[in-house]
Structure formats: structure tokens, C-alpha cells
Amino acid sequence: MREDLCDQISDQPDLDASDVEVKVQNGEVILSGTVRERGFKHQIEALAERIPGVADVRNEIRLYREQQQSEARTSAGLSSSERAATSTTGAAAGSATSIGATSPPETKNNESRRNAS
């Protein structure tokens, strides 16, 4: 089964599965590793499901995020206080973004109430 799946994957010229590992245990295919496009993850899973004898597919493939990789490399060179400051800044920026997304409708509602008074 493993060889059949690997052959099917390699027959797909547009599918980059170079960082994907395939294991088979008792009819269960276990896919792990990373791919650069979400479609690749689903395409590999679909190929696995078509292999005769496959009872189940466990898809543990993750989407490779280049930005996260570069951030990890950058923070590895920072001191612990610098990493903490970067982490805090990132969390605050994320909170501000979500708060900002909900504020305009609330503001409009408050203005409408004031004008109605």
C-alpha cells in the first residue's frame, strides 16, 4: 500500500510532497510532514483513500508557513527579554486588530442612540 501511494503521489507532476512521510499500519495510512499549499494536503489524502486495502487515512500533514519559520529563526537570536517584548507586542497587535474590527458597528449604534435622544 505504501509503495502504491508513493507511486501515485510521484505521478502527480504539480504535487510537491517532498516533505511528506507516509506510514502504513494495519490498513491505516498515516500522513505527516509539511506542504506549501493546502490543496496538496487534501490531494495526498484523496490519493491515499483510493488505494486498495486502505481502511483509514490519518492526515497529520501541516501547512508550511514560511513566515513562522523566519520568525522562529529571528527570535532564536534574541535575548529572553527581547523575545518577551516581541511576544507581548504581537499579542497586543492581535488584540487591537480584533477590537478594531468590532468597534465601528458599536460606535454607529451609540451615535444613533445619541441622535435619537
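Now for a quick tour of the structure. Note that the structure is a prediction, hence the values are computed from the model and not measured. (Residues numbered from 1 in each chain as written. Predicted model: local features only at pLDDT ≥ 70, side-chain atom pairs only at ≥ 80, totals over all residues. Heavy atoms only, no water.)

**Side note on the side chain of S32**
Here is step 1 of the chain: Relative to the elements of secondary structure, S32 occurs in strand β2 (residues 28–35).
Here is step 2 of the chain: Not counting chain neighbours up to four residues away, the residues in contact with S32 comprise D19, V20, E21, E60 and I61. (Helix = DSSP H or I, 4+ residues; strand = E, 2+ residues; numbered from the N terminus. Contact = heavy atoms within 4.5 Å.)

**With respect to the nonpolar core**
Here is step 1 of the chain: Counting residues in hydrophobic clusters, the biggest one holds 17 residues, and the most contacted among them are L5, I9, V29, L31 and I44.
Here is step 2 of the chain: Ranked by residue count, the leading element in this core is helix α2 (residues 38–49), at four residues.
Here is step 3 of the chain: Discounting residues that sit within four places of it in the chain, I44 has contacts with L5, I9, L15, A17, V20, L31, V35 and I61. (Core = buried A, V, L, I, M, F, W, Y, C linked by side-chain atoms within 4.5 Å. Buried < 20%, exposed > 50% of the residue type's maximum accessible area, 1.4 Å probe, protein only.)

**Remarks on the pattern of salt bridges**
Here is step 1 of the chain: Scanning the model with the defined rule gives three salt bridges in all.
Here is step 2 of the chain: We note a salt bridge from K23 to E21, for which the minimum N-O separation is 3.9 Å.
Here is step 3 of the chain: With a relative accessible area of 40%, K23 lands in the partly exposed category.
Here is step 4 of the chain: Its salt-bridge partner being R58, residue E60 comes within 3.2 Å of it at the nearest N-O pair.
Here is step 5 of the chain: One network of salt bridges, with partners in common, ties together E28, R58 and E60. (Salt bridge = Lys/Arg side-chain N within 4 Å of Asp/Glu carboxyl O.)

**Here's the deal with the sheet that holds β2**
Here is step 1 of the chain: Strand order in the open sheet made by the three strands is β1-β2-β3, with mixed pairing throughout. Each having just a single partner strand, β1 (20–25) and β3 (56–63) make up the two edges of the open sheet. With direction set aside, neighbouring strand axes in the sheet form an average angle of 10°.
Here is step 2 of the chain: Relative to β3, β2 runs parallel, the two being bridged by eight bridges. When the sheet's bridge partners are listed, S32 is paired in β3 with E60.
Here is step 3 of the chain: Running at roughly 150° to β1, helix α1 (residues 2–10) makes contact with β1 and β2 of the sheet.
Here is step 4 of the chain: Relative to β3, α2 is tilted by about 165°, and along the sheet it contacts β1, β2 and β3. (Pairing = 2+ DSSP bridges. Axes fitted to C-alpha atoms, helices over the stretch in contact; angles between N-to-C directions.)

**Brief notes about the environment of D4**
Here is step 1 of the chain: Along the chain, D4 falls in helix α1.
Here is step 2 of the chain: The exposure class of D4 is partly exposed, given its relative accessible area of 41%.
Here is step 3 of the chain: For the pair D4 and I51, spaced 47 residues apart in sequence, the C-alpha separation works out to 7.0 Å.

**Here we look at the packing of α1 against α2**
Here is step 1 of the chain: Closest axis-to-axis distance for the α1/α2 pair is 9 Å, and the angle between their directions is 135°. The orientation of α1 with respect to α2, classified from their angle, is oblique. For the pair α1 and α2, the crossing hand works out as right-handed. Here α1 contributes L5, Q8 and I9 to the contact with α2, which in turn contributes I44, L47 and A48. (Parallel < 35°, antiparallel > 145°, perpendicular 65-115°, else oblique. Left-handed = near helix turned anticlockwise from the far one by under 90°.)

**Section: the side chain of N59**
Here is step 1 of the chain: Checked against the element boundaries, N59 lands in strand β3.
Here is step 2 of the chain: Owing to a relative accessible area of 17%, N59 belongs among the buried residues under this scheme.
Here is step 3 of the chain: Side-chain polar atoms of N59 contact the side chain of E45, separated by 3.1 Å.
Here is step 4 of the chain: When sequence neighbours within four positions are dropped, the list of residues in contact with N59 reads L31, K41 and E45. (Polar contact = N/O pair within 3.5 Å; in protein donor to acceptor, adjacent residues only side chain to side chain.)

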